[in-house]
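What the coordinates show
Each chain, written out:
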Amino acid sequence: QVQLAESGGGLVQPGGSLRLSCSASGSIFSYNAMAWFRQAPGKERDNVATIHIGGSTSYADSVKGRFTISRDYAKNTLYLQMNSLKPEDTAVYYCYANNGRYDYWGQGTLVTVSS
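Residues numbered from 1 in each chain as written. Predicted model: local features only at pLDDT ≥ 70, side-chain atom pairs only at ≥ 80, totals over all residues. Heavy atoms only, no water.

**Comments concerning the sheet that holds strand β1 (residues 4-7)**
Neighbouring strands of a sheet are bound in pairs by backbone hydrogen bonds; such pairs are parallel or else antiparallel. Taken together, 4 strands build an open sheet; the order of strands is β1-β3-β8-β7 and the sheet is antiparallel. The two strands at the open ends of the sheet, each matched to only one other strand, are β1 and β7 (67-72). Sheet twist, expressed as the average angle between the axes of neighbouring strands with direction ignored, equals 15°. In terms of strand pairing, β1 meets strand β3 (residues 18-24) through 4 bridges, oriented antiparallel. Bridge pairing in β3 links S7 to S21. (Pairing = 2+ DSSP bridges. Helix = DSSP H or I, 4+ residues; strand = E, 2+ residues; numbered from the N terminus. Axes fitted to C-alpha atoms, helices over the stretch in contact; angles between N-to-C directions.)

In C-alpha cells form, the structure reads like this:
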C-alpha cells in the first residue's frame, strides 16, 4: 500500500514563498504521473501541477510562472515550489500519484496566504 505524506504548508504573507514536499513510502521511479491538487473552502479539488514519467510538466494557468513541480527519485519525494503567493492560493494542497493501475492521495497540507 503506497502512502503519501505532505509537509511544508503554513501561513505566509502575500508575495512570499513556500515549498511543499510529498514523501512516498516506496519508490516513485515507475509512477506514470505525480501531481499537486488543491481545494479551497467550498470549492472543488483542482489540479495545480503535474509531472509525468518522462519529466514533462504542466500547470494550471493560475499558477504558471509562479509554481514549479519537481521530484527527487533518490528521496522518493515530490516537491512544489510556490513563489509570489496570492491570497487566492489559500487551500489544502494534496499530493497525488498514479502507478498505472491505482490512484493514491496524501492527507493534505494547509497553505494560508494572508497578511
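**Focus on the side chain of N76**
Positionally, N76 belongs in the loop between β7 and β8 (77-82). A distance of 3.3 Å separates a polar atom in the side chain of N76 from the backbone nitrogen of I28. (Polar contact = N/O pair within 3.5 Å; in protein donor to acceptor, adjacent residues only side chain to side chain.)

**Remarks on the state of the cysteines**
Within this structure, the stated rule accounts for 1 disulfide. At a sulfur-sulfur separation of 2.0 Å, the disulfide partner of C22 is C95. Across the S-S bond linking C22 and C95, the dihedral sits near -75°, which makes this disulfide left-handed. Here C22 is found in strand β3, whereas its partner C95 is found in strand β9 (residues 91-98), with 73 residues between them in sequence. C95 shares its class with C22; the two are buried. (Disulfide = S-S within 2.5 Å. Buried < 20%, exposed > 50% of the residue type's maximum accessible area, 1.4 Å probe, protein only.)

**Thoughts on the pattern of salt bridges**
Side chains bearing opposite charge may pair, as long as their charged atoms lie close to each other. Throughout the structure, instances matching the rule amount to 3 salt bridges. D61 serves as the salt-bridge partner of K64, at 3.1 Å between the closest nitrogen and oxygen. Take K64 and D61: they sit in the same class, and that class is exposed. One salt bridge in this structure joins D89 and R66, with 2.8 Å as the shortest N-O distance. (Salt bridge = Lys/Arg side-chain N within 4 Å of Asp/Glu carboxyl O.)

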